[in-house]
Amino acid sequence: MKRWLQAYGLVLASLAPLTAAIANYTPLSSSTSPKYSVGIPPGSTISQSTKGGIYISITAPTSYQWVGLGIGRQMAGSTMFVVYADGAGNVTVSGRNGGQGHNEPALDTSLMTGVTVLAGSGVANGVMTAFVHCTTCTLASTASSTSSPWIAAWNEGSSINSKSLSYSISQHGGNAFRQFSFDLTKSTLSSDSNPFVASSPSPPSKVSSSGASLNPTANPSPNPTSSSSSDPDSDDPDSQSSSNDFTPDFKTIEQYLKAHGIIMGVTVVLLFPLGSIFMRTVRHPWIHAAIQIFSLCAMIVGLALGVKLAQFTSMLFNNSHSIFGVVVVALFMIQPVLGLIHHHLYTKTQSRSIFSHLHVWYGRILMILAVLNGGFGLRLAANSKKGEIAYGVVAGFIALLYASVVLLKRRGGEGGGRRRLGVFGKRDKDAGQRDASS
Ligand code: HEM
Ligand code: HEM
Ligand code: HEM
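The shown structure was predicted, so the numbers you read here are calculated from the model rather than taken from an experiment. (Residues numbered from 1 in each chain as written. Chains lettered and ligands numbered in written order. Predicted model: local features only at pLDDT ≥ 70, side-chain atom pairs only at ≥ 80, totals over all residues. Heavy atoms only, no water.)

A.B. asks: I'd like a description of the site of ligand 1, backed by residues and values.
C.D. replies: With respect to spatial proximity, 21 residues lie near ligand 1, and among them Met-75, His-102, Ile-169, His-172 and Phe-177 are the closest. Within the backbone of Met-75, one N or O atom sits 2.8 Å away from an oxygen atom of ligand 1. Taking His-102, its side chain carries an N or O atom lying 2.6 Å from an oxygen atom of ligand 1. At the level of elements, β4 (64-71), β5 (79-85), β11 (148-156) and β12 (177-182) are the ones that each hand at least two residues to the shell around ligand 1. Of the residues forming the shell around ligand 1, the biggest block, four residues, is contributed by β4. (Near = heavy atom within 4 Å. Polar contact = N/O pair within 3.5 Å; in protein donor to acceptor, adjacent residues only side chain to side chain. Helix = DSSP H or I, 4+ residues; strand = E, 2+ residues; numbered from the N terminus.)

Structure, rendered in structure tokens:
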């Protein structure tokens, strides 16, 4: 009886690592699909801005030349792990940087300083297995995000059989990549040790002799995700993967990101400045007011999308873009009030008040801050260099246009020119005539 109890205790102890959760992703429904898993150890400092520990498992049949997993939303700017057979029964794990995207990712030597290929990795029984520990990785979300953006790609073909970390891989096919999200709340490990060996589908008694199972050949089915994820309530870590592994909500996040970026970008770079330029050129305060209130409504829609997006990716108020963004939008709300007060006082006194200067300068400063925040947003979302350049070029052009209009159409008050002196120091009669609109 005592012996049985001892054996039972041993089995329980060996099962301890199994209480850890691993998030899994299997892109294809066929049994030969590549499989990806991640686990974050307790106390890991990993986040969007800080490097920290993470365990990654990448497995695929040897019919694949290479399989890759990347941290990020797209190739550009992501951190990738490309796995291929080394020709000697092991795998080569090449940490790469997505760079500008849509080209072969280049070896990332500084990333590699924190990358360890763990025991249990190798090529056995027609399966390539890479158990990786990375301490130089950052995420594209917080470590508690329920939809952390990741990417995957693969290429079928004959084995690469190279130990070279910078082996030149060929491009994946048009349907051989995925953008998906991991629910990282389901990837919290209970200890800082390789979680994948314990979760191999070997019977617990074998797992208990974990020393042996760390050997690739003693771990013949190195496929941590192969046991089904159909029972989400089971204690089996494989089953604790997010239930939407096969239907990632990446597309939804992408749509929110696009809508937020486009609405906010167009509003701050085009609508607000053009509405202000309008006031200085056409000088009709109510049309100006209507344009700016419309823009403010668009900004509020953009804010709502931004907040929702930030909630999806756990990025609400833990980065300067979202904090600064909310502050800027809130400050914009005061602007129509200042405009109205200015207009009211102006129609009474026919001259500018402190509110005129406040409305004009507060508005200009807010617009600059909002455009800057859009730039932070593009950085945060790791938008393409092209996207950043396009944003900068349009913003620069509008700023130049605005500055030229302000310089060319100098005036002393609403409606323009009532008290303005002409070039030769005389009153500008024409400008006075344009005044009827106020
Ligand atoms: C030689 C290496 C590679 C080349 C030349 C390459 C090239 C490309 C090209 C041209 C596209 C656009 C395809 C399309 O829109 O139909 C693309 C998209 C993509 N690739 Fe790669 N790729 C390489 C490696 C990788 C690796 C290692 C990964 C993942 C670990 C990856 C993940 C993706 C993903 C997720 C997309 C779609 C999102 C995006 O546009 O960034 N690629 N790649
Ligand atoms: C002045 C106000 C704002 C502007 C001009 C702005 C603009 C942008 C832009 C241009 C992007 C990049 C979109 C892309 O690359 O496709 C972006 C991303 C983002 N914005 Fe904003 N935004 C503003 C306010 C906010 C606010 C208030 C929040 C949330 C509270 C927010 C949350 C986000 C998030 C979460 C991202 C995506 C970051 C990522 O996925 O890594 N933004 N924003
Ligand atoms: C969010 C809403 C608004 C924004 C962002 C905004 C922005 C601006 C800016 C930047 C200017 C200075 C244009 C220049 O460089 O000459 C301006 C001028 C002006 N705005 Fe607004 N505005 C808004 C709403 C309103 C409203 C509701 C009114 C009400 C009638 C108004 C009335 C005026 C008038 C009369 C001027 C001319 C001031 C002067 O030159 O003495 N604005 N606005």
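A.B. asks: Pulling in residues and values, what's your account of the site of ligand 2?
C.D. replies: Around ligand 2, 26 residues are found, and the nearest of them are Arg-73, His-260, His-321, Leu-380 and Asn-383. A distance of 2.7 Å separates an oxygen atom of ligand 2 from a polar side-chain atom of Arg-73. In this structure, an oxygen atom belonging to ligand 2 sits 2.9 Å away from a main-chain N or O atom of Leu-380. Those elements giving two or more residues to the shell around ligand 2 turn out to be α6 (250-281), α7 (285-312), α8 (320-332) and α10 (354-380). For the shell around ligand 2, a count of residues per class yields 15 nonpolar, 10 polar and one charged. (Nonpolar A, V, L, I, M, F, W, Y, C, P; charged D, E, K, R; others polar.)

A.B. asks: I'd like a description of the pairing of strand β2 (residues 35-39), backed by residues and values.
C.D. replies: With five of five residues buried, β2 is to be regarded as a mostly interior element. Pairing of strand β1 (residues 23-25) with β2, which is carried by three bridges, proceeds in the antiparallel orientation. Residue Asn-24 lies in a different strand from β2, and its bridge partner there is Ser-37. Strand direction decides the pairing type here: β2 and strand β3 (residues 52-61), joined by five bridges, are antiparallel. (Buried < 20%, exposed > 50% of the residue type's maximum accessible area, 1.4 Å probe, protein only. Pairing = 2+ DSSP bridges.)

A.B. asks: Account for the coordination of the iron atom of ligand 1, naming residues and giving values.
C.D. replies: Taken together, Met-75 (SD) and His-172 (NE2) make up the protein donors of the iron atom of ligand 1, found 2.0 to 2.2 Å from the metal. The class for Met-75 is buried, based on a relative accessible area of 19%. Judged by relative accessible area, which is 15%, His-172 ranks as buried. (Donors = N, O, S within 2.8 Å, 3.2 Å for Na, K, Ca; no water.)

A.B. asks: If you had to explain the nonpolar core to someone new, which residues and values would you point to?
C.D. replies: For soluble globular proteins, nonpolar side chains are generally found buried alongside one another. With 35 residues, the main nonpolar core has Ile-54, Phe-81 and Trp-150 as its most contacted residues. Looking at this core, the element that brings in the most residues is strand β10 (residues 127-137), giving five residues. Counting 19 residues, the second largest nonpolar core, distinct from the first, contains Val-328, Leu-366, Leu-378 and Val-406. (Core = buried A, V, L, I, M, F, W, Y, C linked by side-chain atoms within 4.5 Å.)

A.B. asks: Outline the confidence of the model for the protein chain, supporting the account with residue identities and numerical values.
C.D. replies: In this model, the protein chain carries an average pLDDT of 79, and 77% of its residues clear a pLDDT of 70 or more. Low pLDDT, under 50, characterises residues 1-19; the predicted model gives this stretch 14 contacts beyond four residues in sequence or across chains. This stretch, residues 199-248, has a pLDDT under 50; its non-local contacts, to residues over four places away or in other chains, come to 90 contacts. (pLDDT = per-residue confidence, 0-100. Contact = heavy atoms within 4.5 Å.)

A.B. asks: Go over the pattern of salt bridges with me, naming the residues and quoting the values.
C.D. replies: Evaluation of the coordinates by the stated rule reveals six salt bridges. With a shortest N-O distance of 3.0 Å, Asp-86 and Lys-163 are connected by a salt bridge. Taken together, the residues Asp-86 in the loop between β5 and β6 (91-97) and Lys-163 in the loop between β11 and β12 connect sequence positions 77 residues apart. We classify Asp-86 as buried; its relative accessible area is 9%. Note on Lys-163: relative accessible area 57%, which makes it exposed. A cluster of three or more residues bridged by salt bridges with shared partners is formed by Arg-379, Lys-385 and Glu-388. (Salt bridge = Lys/Arg side-chain N within 4 Å of Asp/Glu carboxyl O.)

A.B. asks: Residues and numbers for the environment of Gly-302, please.
C.D. replies: Assignment of secondary structure puts Gly-302 in helix α7. Residue Gly-302 is classed as buried on the basis of its relative accessible area, which comes to 0%. Along the backbone, Gly-302 and Gly-261 are 41 residues apart, and their C-alpha atoms lie at a distance of 7.8 Å. If sequence neighbours within four positions are ignored, Gly-302 has contacts with His-260, Ile-263 and Met-264.

A.B. asks: Can you break down the environment of Ser-164 residue by residue, with the values?
C.D. replies: Locating Ser-164 in the fold gives a position in the loop between β11 and β12. Overall, Ser-164 belongs to the partly exposed group, its relative accessible area being 30%. It is 8.3 Å that separates the C-alpha atoms of Ser-164 and Ser-94, two residues lying 70 residues apart in sequence. Not counting chain neighbours up to four residues away, the residues in contact with Ser-164 comprise Tyr-84 and Thr-92. A distance of 3.3 Å separates a polar side-chain atom of Ser-164 from the backbone nitrogen of Tyr-167.

A.B. asks: Now, about the UniProt feature "transmembrane region" (unreviewed entry) in the protein chain: what can you tell me, with residues and values included?
C.D. replies: What UniProt calls "transmembrane region" (unreviewed entry) maps, in this numbering, to residues 259-279, 286-310, 322-341, 361-382 and 388-408. Across residues 361-382, the secondary structure splits into 91% helix and 0% strand, with the terminal C-alpha atoms separated by 32 Å. The distance from the first to the last C-alpha atom of residues 388-408 is 30 Å, and the span holds 100% helix and 0% strand. (UniProt positions renumbered as here; feature names shortened; annotations may be inferred.)

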